[in-house]
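A structural walkthrough
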Amino acid sequence: MSWVLAAFLLAEVPGVPTVAEALNQVETLEVAEERNASTYDRVLFPHWSTVSGTCNTRETVLRRDGFDVVTDAACRPVSGTWHSPYDGGIWTSHSDVDIDHMVPLKEAWRSGAWAWTTEKRRRFANDLDGPQLWAVTDNVNQAKGDKDPAAWKPPLRDFQCVYAKSWIAVKHAYTLTLQAAEKEALLDMLLTC
C-alpha cells in the first residue's frame, strides 16, 4: 500500500484540528493531577454500540479506516487492508487490528470522566464524530494501554503530530484535564508538525 493511500486513510478520521487550533485548544485545558484512578472500571464506558443495522462502532471504524473492506451480513469484515498510523503496519486480517481510543477510557476517567453520566461515557467510548477512534496494530495498541503522551508516543515519528493534535482535540471536546508532563509531551510532539 502506498503512502498516498495511507494519507487518504488518515484523512477519513474526522475532527483532527490544525496545529494552530490544537495550540489554542491545549491552552484552554485545565492542568490538574489525575483523580479517582482506583474507582475505574471499563464497564462504566459502554462501548461498541450499534451504529446502523448490525454494525457496531468497532465494525464501523474498521470499514472507515480500511481499504477495500468487505463485510458479511453481520457486518464483520471478511477481507480488507488496514494501515496502522501508529507504526506504519499494514494488515489484511482484521484480527491484527484493534480500535484504539485515542484518549484511553481509564485516562479519561482519571481526567474527569469519573464525574460524567453513563450516557456521556457511552458517547465518549463510541465517538465517531471526532478523532477518538483509530484502527491500529493490535500489539501497538496494547503497548499503549492507558498511558498518556508523557509515557507513550506512537513509534512512527511521522504520526506524532497528528497524534498530539487528535489527543488535544478529544480532551478539549470533553473538557478533560491534562497533567503538566502530559501537556509538555503534547507540545513537544506538536513541534514535529
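Residues numbered from 1 in each chain as written. Predicted model: local features only at pLDDT ≥ 70, side-chain atom pairs only at ≥ 80, totals over all residues. Heavy atoms only, no water.

This brings us to the pairing of strand E4 (residues 77-83). E4 sits mainly inside the fold: 5 of its 7 residues count as buried. Where strand E3 (residues 66-71) meets E4, 4 bridges bridge the pair, whose relative direction is antiparallel. In the sheet register, Val70 faces E4, and the bridge partner there is Ser79. Where E3 hands over to E4, the hairpin turn is made up of 5 residues, of which Cys75 adopts a positive phi near 75°. (Buried < 20%, exposed > 50% of the residue type's maximum accessible area, 1.4 Å probe, protein only. Helix = DSSP H or I, 4+ residues; strand = E, 2+ residues; numbered from the N terminus. Pairing = 2+ DSSP bridges.)

With that settled, the discussion passes to the packing of helix H2 (residues 19-28) against helix H8 (residues 180-190). Relative to each other, H2 and H8 sit at 170°, their axes nearing to 11 Å. Of the possible angle classes, the one that applies to H2 and H8 is roughly antiparallel. Contacts between H2 and H8 involve Ala22, Leu23, Val26 and Glu27 on the former and, on the latter, Lys183, Leu187 and Leu190. Its residues placed into classes, the contact of H2 with H8 shows 5 nonpolar, no polar and 2 charged. (Axes fitted to C-alpha atoms, helices over the stretch in contact; angles between N-to-C directions. Parallel < 35°, antiparallel > 145°, perpendicular 65-115°, else oblique. Contact = heavy atoms within 4.5 Å. Nonpolar A, V, L, I, M, F, W, Y, C, P; charged D, E, K, R; others polar.)

Moving on, we come to the state of the cysteines. For the coordinates displayed, the defined rule picks out 2 disulfides. Cys55 shares a disulfide with Cys75; S-S distance 1.9 Å. Note on the Cys55 and Cys75 pair: the S-S dihedral is about 95°, so by sign convention the disulfide is right-handed. With Cys55 in strand E2 (residues 55-56) and Cys75 in the loop between E3 and E4, this residue pair connects regions lying 20 residues apart in the sequence. By the burial criterion, Cys55 is buried, and Cys75 matches it. Through a disulfide, Cys161 is tied to Cys193; the S-S separation comes to 1.9 Å. Taking the sign of the torsion about the S-S bond as the criterion, the disulfide between Cys161 and Cys193, at about 100°, is right-handed. Pair noted here: Cys161 is in helix H7 (residues 160-173) and Cys193 is in the segment after H8, with a separation of 32 residues, a long-range link. The exposure class of Cys161 is buried, given its relative accessible area of 10%. Disulfide partners in the protein, listed by the sequence order of the bonded cysteines, are 1-2, 3-4. (Disulfide = S-S within 2.5 Å.)

Interpretation note: all reported values are geometric properties and have no functional meaning in isolation.
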